[in-house]
Amino acid sequence: MGKTLYLECSSGISGDMVVGALLDLGANEAGLRRALASLNVDGFDIVVTRKLVSEIDACDFDVVLDEEHDSHDHDMAYLYGGLDGGKDHAHDHHHEHGHGHGHDHHHEHDHDHGHDHHHGHAHAHTHRSPADIAGLIDAADLSPRAKATAHRIFDIVAQAEARAHGLPLEEVHFHEVGAVDSIVDVVSVAYCLDDLDVTEAYVTPLAEGHGRVRSAHGVLSVPVPAVTNIAAAHGLVFERRDQHGELVTPTGAAIAAAIRTMDEPPARYRVVATGVGSGKRAYDPPSSVRALIIEQVADAPSAPQAQGLGTPDLWKLETEVDDCTGEALGLLSQLLYNAGALEVHYLPVYMKKSRPGYQMEVLCSEAAIPALEELIFEHTTTIGIRRCPEWRTALPREIRTVETELGAVQVKVVTLPSGSTRAYPEHDSVVALAMSADISYQDALRLVFAAL
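For clarity, every value in this text was computed on a predicted model and none was experimentally measured. (Residues numbered from 1 in each chain as written. Predicted model: local features only at pLDDT ≥ 70, side-chain atom pairs only at ≥ 80, totals over all residues. Heavy atoms only, no water.)

1. Side note on helix 4 (residues 130-139)
Next, step 1: Where helix 4 is concerned, the buried positions are Ile133, Leu136 and Ile137. Seen from one end, helix 4 has its buried residues packed into an arc of 95 degrees, which puts them on one side. Exposed residues lying more than 90 degrees from the buried face of helix 4 are Ala131 and Ala139.
Next, step 2: Check the buried side of helix 4 and you find it contacts helix 5 (144-165) and helix 6 (180-195). (Buried < 20%, exposed > 50% of the residue type's maximum accessible area, 1.4 Å probe, protein only. Helix = DSSP H or I, 4+ residues; strand = E, 2+ residues; numbered from the N terminus. Arc of directions from axis to C-beta. Contact = heavy atoms within 4.5 Å.)

Structure follows, in structure tokens:
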């Protein structure tokens, strides 16, 4: 059946936060370690611990890199020092792994695209093309569904990078986002979603900060270009926080875009499981992602539904008019049919003060109600329309084509409870046959019945 994920991003989103939340939901940590061990990537280890985030117990997923692969993604002084009132940029960059927002906080603006102008503090990272990363994913010990998810996340990032730097997709070379820790984060998310059997997901609006952040290619505004490109391409919604700093990482935005299948959560649902993943940057309040496995709950039944009738099959719109001509009502009838009405009836009635008039009855689906009511108000003088739910017992029916000696005609065939059938020629089709064969309507009708 699959499960539905509700991902709450009220303090931002990054890859490691999502992994922590999914592990906290119950994803198999031992299985994840085996999947990561199958990656043809060196220079990392993972540490999974517990920590308090605003006094709430959370799972902390930490990708620990060796010196060769480490970066300054957790170094608040490097990222914000001297910017918008931040502290001076420290040059010694002492950074601990429990101190940053997320290991995937490598920005597309840190990618090196064939240039040699790395920031003076950056280490020499391996540059990977989209094809290189796709090869790593394909060679890993992952299910086909997990591989597809990982490919989708990195494809979204690659498209955003290509747009940000004005490059063809095949010329994008990942420097920071393609670094070891981001590959680990993306593959971990893909594995955990597959292990939890998540097939549907709702992602809340993404909380985002403001100001500027330092990158290898200069100082950029928050949200950074890759994040805005992903949001524009995939309809992500931001909620601005009064927080200086970057709360949404490119990898986090790509995860949200890749897994989201629902624009709105169910109106009524029950929570099956809860998980919280902690962030690592020193923000106040601390960052975290909350993940819920939810099950939709049916709407409370109305009185007729409680009696076993179920959801209404149709709706009846009803009103009376006493100052419309037959011609005007005939025009309105055609307009209503064109707009989705299933039936339109006019009944002669006596209204207030014995005025003769017409009662209008229109049968329609619930979805058609607004358009039909608008037509009735525009083309009559009525000031009120009644709505009535209708339940009906309908025979199974289908439209078939019958060949006569003068041409084809459509007929409606209904099946009775006994299993026998009846056929009813479609009026417009009979008229068309009569016109094309230059015969009377009655003669055309007899030809149709003779062919049944």
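2. Thoughts on the side chain of Ser11
Next, step 1: Mapping Ser11 onto the fold places it in the loop between strand 1 (3-8) and helix 1 (15-25).
Next, step 2: Exposure remark for Ser11: the relative accessible area of 15% places this residue in the buried category.
Next, step 3: For Ser11, the side chain forms a polar contact with the main-chain oxygen of Ser288, separated by 2.8 Å. (Polar contact = N/O pair within 3.5 Å; in protein donor to acceptor, adjacent residues only side chain to side chain.)

3. Description of helix 13 (residues 441-451)
Residue pairs three or four apart in sequence face the same way in an α-helix, which turns once every 3.6 residues.
Next, step 1: Where helix 13 is concerned, the buried positions are Ala444, Leu445, Leu447 and Val448. Buried positions in helix 13, seen along its axis, are confined to an arc of 155 degrees and lie on one side of it. Pointing more than 90 degrees away from the buried face of helix 13 are the exposed residues Arg446 and Ala450.
Next, step 2: Check the buried side of helix 13 and you find it contacts strand 17 (397-404), strand 18 (407-415), strand 19 (421-425) and helix 12 (427-437).

4. Considering the packing of helix 5 against helix 8 (residues 250-259)
Next, step 1: Put simply, helix 5 and helix 8 touch, their axes get as near as 9 Å, and they point 125 degrees apart. Between helix 5 and helix 8, the angle falls in the class oblique. Note on packing geometry: the crossing formed by helix 5 with helix 8 is right-handed. Within the contact between the two elements, helix 5 uses Arg152, Ile153, Ile156 and Val157 and helix 8 uses Pro250, Ala254, Ile255, Ala257 and Ala258.
Next, step 2: The residue inventory of the contact of helix 5 with helix 8, partitioned by class, reads eight nonpolar, no polar and one charged. (Axes fitted to C-alpha atoms, helices over the stretch in contact; angles between N-to-C directions. Parallel < 35°, antiparallel > 145°, perpendicular 65-115°, else oblique. Left-handed = near helix turned anticlockwise from the far one by under 90°. Nonpolar A, V, L, I, M, F, W, Y, C, P; charged D, E, K, R; others polar.)

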